[in-house]
Amino acid sequence: MNERDALKEIADIKAAVQGTATRVGRHAGWFFLAAAVIWTAGFVTTQWLGNDSRFVWIGLNVIGIGVCALLARRFFGKRGEQIVPAVGRRMGLWFVGATIFDVMLGLLLGLTAPEDITLLIALTAGLSFFVAGSVGSYKAQLLGVFLWCATLVGRLAVPSYLPLVVALSGGVAFLAVGISFLLRREA
Amino acid sequence: MNDDTLLIHQPTRLKIMAALAALEDGAKVDFMLLADELELTKGNLGAHLAKLEEARLVKVEKAFVNRKPKTWLSLTSRGREVLLGYIRELERVVRGKG
């Protein structure tokens, strides 16, 4: 085998690896689009309803878990195109656990102020994506850091509009990440 | 070149191995997805997979989902090692040490 053939084979290997990675990763975009809708609806409602928003959040969390379970079944279950490894299932469980943690903490501490609810959910979501990124794509970690920064800036700069700031910044970030996954093309 | 290296030296089998190498450990892909991704007919992919499975480089699992047959594919740890060894060989050739 000469150098030219070897280079061509290396290029073919890279293209095949990239092709599959792109194909199976594309479905992740739907999870981010679902998150964008629930996130934005939740925080806009928090800004609008104030103290009563905690009940809306419990409902939205149930809807979110249900939608994600359906998407996982559609794309990554035995009927789908890919069976995810154990680490993927564990990350899904982490997000369910984080949601239960937020609901319990909110109820036990009696959090009702929109600002408190926003801080709790946004900071936990940031932590969840940071943890997800530690075993998956670094993009998830960047998203986690972005959520922390947006929450901090909103809290310090415009505390009375914190839910709205978090709704817009997080919603746009989820939407952008989701679309970037769905529009991924093979190299 | 040993038998495993000769087996994956064939372009289509090399692409199959590389495509499966993109999956994380423990993940599996549907046969139809791979056929579509690599633009291979079912018969062609099946024939190459049979050889790779026989050499224990690829794992083929069959199941019925809603009474329809479904085939899942993944790279074995041995398959991953063979592919990495082959890539190292290619890199040696490129560096002029082949």
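The structure we're discussing is the one just above.
Here we summarise the structure given alongside this text. The structure presented is a predicted model; accordingly, all values stated were derived computationally and were not measured. (Residues numbered from 1 in each chain as written. Chains lettered and ligands numbered in written order. Predicted model: local features only at pLDDT ≥ 70, side-chain atom pairs only at ≥ 80, totals over all residues.)

## What to know about the packing of helix α2 (residues 28-49) of chain A against helix α5 (residues 114-135) of chain A
Residue and element names in this part refer to chain A.
Here is step 1: Closest axis-to-axis distance for the α2/α5 pair is 9 Å, and the angle between their directions is 165°. Judged by the inter-axis angle, α2 sits roughly antiparallel to α5. In the crossing of α2 with α5, the sense of the turn from one axis to the other is left-handed. Judged by residue contacts, Phe 43, Thr 46 and Gln 47 of α2 engage Pro 114, Ile 117 and Thr 118 from α5.
Here is step 2: Split into classes, the residues belonging to the contact of α2 with α5 amount to three nonpolar, three polar and no charged. (Axes fitted to C-alpha atoms, helices over the stretch in contact; angles between N-to-C directions. Helix = DSSP H or I, 4+ residues; strand = E, 2+ residues; numbered from the N terminus. Parallel < 35°, antiparallel > 145°, perpendicular 65-115°, else oblique. Left-handed = near helix turned anticlockwise from the far one by under 90°. Contact = placed C-beta atoms within 7 Å. Nonpolar A, V, L, I, M, F, W, Y, C, P; charged D, E, K, R; others polar.)

## As for the interface of chain B and chain A
Here is step 1: Contact with chain B, which involves 26 residues of that partner, is made by 24 residues of chain A.
Here is step 2: Of all elements in the fold, only α2 (11-21), β1 (28-30), α3 (31-37), β2 (58-65), β3 (68-75) and α5 (77-94) of chain B reach the threshold of two or more residues within the side of chain B that touches chain A.
Here is step 3: For the side of chain B that touches chain A, the element with the most residues is α2 of chain B, which contributes six residues.

## Structural notes on the nonpolar core
Here is step 1: Counting 29 residues, the largest nonpolar core has Ile 8, Met 17, Ala 18, Ala 19, Leu 20, Val 58 and Leu 73 of chain B as the members making the most contacts within it.
Here is step 2: If you list the elements that add at least two residues to this core, you get α1 (3-25) of chain A together with α1 (3-9), α2, α3, α4 (42-54), β3 and α5 of chain B.
Here is step 3: Each residue touching Ile 8 of chain B, except ones within four places of it in the same chain, is listed here: Arg 13, Leu 14, Met 17, Val 82, Leu 83 and Tyr 86 of chain B.
Here is step 4: Residues Trp 39, Ile 121, Phe 129 and Val 177 of chain A belong to the second largest nonpolar core, which totals 28 residues. (Core = buried A, V, L, I, M, F, W, Y, C linked by C-beta atoms within 7 Å. Buried ≥ 20, exposed ≤ 12 C-beta atoms within 10 Å, placed from the backbone.)

## A short note on the pairing of β3 of chain B
Residue and element names in this part refer to chain B.
Here is step 1: Where β1 and β3 come together, two bridges link them in antiparallel fashion. What sits directly across from Asp 30, in β3, is Trp 72.
Here is step 2: Examined bridge by bridge, β2 and β3 share eight bridges and lie antiparallel to one another. Following the sheet pairing, Val 65 is matched in β3 by Lys 68.
Here is step 3: Connecting β2 to the next strand, β3, in antiparallel fashion are two residues, including Asn 66 with a positive phi near 55°. (Pairing = 2+ DSSP bridges.)

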